[in-house]
Amino acid sequence: DTGVSQNPRHKITKRGQNVTFRCDPISEHNRLYWYRQTLGQGPEFLTYFQNEAQLEKSRLLSDRFSAERPKGSFSTLEIQRTEQGDSAMYLCASSLDWLAGELFFGEGSRLTVL
Amino acid sequence: RKEVEQDPGPFNVPEGATVAFNCTYSNSASQSFFWYRQDCRKEPKLLMSVYSSGNEDGRFTAQLNRASQYISLLIRDSKLSDSATYLCVVIYAGNNRKLIWGLGTSLAVNP
């Protein structure tokens, strides 16, 4: 399978714990996006990378959230000191730079904070 | 005003009906436009790009109206399997070519 891969698919954690999600994009895609989605809402932009450079980070993202893409390949999204409001589906997507609107999404990582 | 707006619906239509959704955008510098489909509890998937001249893919037709700043999606002969949320995406011109997502329009096709 050469699509976008995310893991873990599901994570249940207690409030205050740290969690990390990983995304492996399609190998030749240089853009990588993180989105958050709750039921009934569209994807909410969190951040995106072009190769290893983090080009934009949403103002909605508190300093408890950090993302990296150290070698321009896979990416991690870490949430520190989780809160119940962080419960959501975290979606990763990748694309080619010149086909910026054609995103390929992973199946998502669902986070439940108790 | 939101940058990209969609009627959330839900649109409930019988099988075989024709249904149309609009998506309005506020920034006239918007460059590219797309429709995505998202099934319940699944990830979004690209349905079709929207070209200036309009484009058709089977039962689906997408159109762009730059003067009035909206895009539309028309579905003819609706199938039960068309039930999903339809999200519009607008890309602004510029170096980063930022994607702006609508909140989606929910469609339920009933037997």
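Rules used throughout
All residue numbers refer to position in the chain's written sequence, counted from 1. By the order in which they are written, chains take letters starting at A while ligands take numbers starting at 1. Totals for whole chains, interfaces and linings use all residues, but because this is a predicted model, local features are given only for residues with pLDDT of at least 70 and pairs of side-chain atoms are given and counted only at 80 or more. Working from all heavy atoms in the structure, the side-chain values ignore hydrogens and water. Under the DSSP-based scheme used, a helix requires at least four consecutive residues in state H or I and a strand at least two consecutive residues in state E, with every element numbered from the N terminus. Only C-alpha atoms enter the radius of gyration, while the globule expectation follows 2.2 Å times N to the 0.38, with N the number of residues. Should DSSP find at least two bridges between two strands, the strands are regarded as paired. Angles shown run from 0 to 180 degrees and are taken between the N-to-C directions of axes, each axis being a line fitted to C-alpha atoms and, for helices, limited to the stretch in contact. For every residue, the predictor assigns a confidence score, pLDDT, that lies between 0 and 100. Any two residues whose heavy atoms approach within 4.5 Å are treated as being in contact. Put simply, buried area is how much 1.4 Å-probe accessible surface two parts lose in total, over both of them, once they are put together. Salt bridges are counted wherever a side-chain nitrogen of Lys or Arg sits within 4 Å of a carboxyl oxygen of Asp or Glu. Nitrogen and oxygen atoms within 3.5 Å of one another constitute a polar contact, given that in protein one can donate a hydrogen and the other can accept it, and given that sequence-neighbouring residues count only through two side-chain atoms. Think of it as three bins: nonpolar holds Ala, Val, Leu, Ile, Met, Phe, Trp, Tyr, Cys and Pro, charged holds Asp, Glu, Lys and Arg, and polar takes everything else, Gly as well.

## Focus: the overall build of chain B
Here is step 1: Within chain B, the regular secondary structure consists of 0 helices and 11 strands.
Here is step 2: Its helices and strands taken in sequence order, chain B reads β-β-β-β-β-β-β-β-β-β-β from the N to the C terminus.
Here is step 3: For a compact globule of 111 residues, the expected C-alpha radius of gyration is about 13 Å, and chain B comes in at 14 Å, within 12% of that figure.
Here is step 4: Reported as C-alpha extents along the three principal axes, the dimensions of chain B are approximately 45 × 30 × 25 Å.

## So, the sheet that holds strand β7 (residues 65–68) of chain A
Residue and element names in this part refer to chain A.
Here is step 1: Spatially, β1-β3-β8-β7 is the arrangement adopted by the 4 strands of the open sheet, whose pairing is antiparallel. Two strands lie at the open edges of the sheet, namely β1 (5–7) and β7, each paired on one side alone. Recorded for the sheet is a direction-independent mean angle of 15 degrees between the axes of neighbouring strands.
Here is step 2: Bridge count between strand β3 (residues 19–24) and strand β8 (residues 75–79): 5 bridges; the pairing is antiparallel. Opposite Val 19, over in β8, you have Ile 79 as the bridge partner.

## Digging into the confidence of the model for chain A
Here is step 1: Taken over all residues, the pLDDT of chain A has a mean of 92, while the share at 70 or more is 99%.
Here is step 2: No element of chain A has a lower mean pLDDT than strand β6 (residues 53–57) of chain A, at 89, and none a higher one than β3 of chain A, at 98.

## Remarks on the interface of chain A and chain B
Here is step 1: Taken together, the contact between chain A and chain B spans 21 residues of the former and 18 residues of the latter.
Here is step 2: With both sides pooled, the region where chain A packs onto chain B buries about 1700 Å², and carbon together with sulfur makes up 50% of that total.
Here is step 3: Looking at the side of chain A facing chain B, the largest losses of area belong to Pro 43, Gly 101 and Phe 105 of chain A, adding up to 25% of the total buried there.
Here is step 4: One can count 0 salt bridges joining chain A with chain B.
Here is step 5: Summed over the shared surface of chain A and chain B, the number is 5 residue pairs in polar contact (both at pLDDT 80 or more).
Here is step 6: For the side of chain A that touches chain B, the secondary structure elements donating two or more residues are β4 (31–37) and β6 of chain A.
Here is step 7: It is β4 of chain A that provides the largest number of residues to the side of chain A that touches chain B, a total of 4 residues.
Here is step 8: In terms of residue class, the side of chain A that touches chain B is made up of 10 nonpolar, 5 polar and 6 charged.

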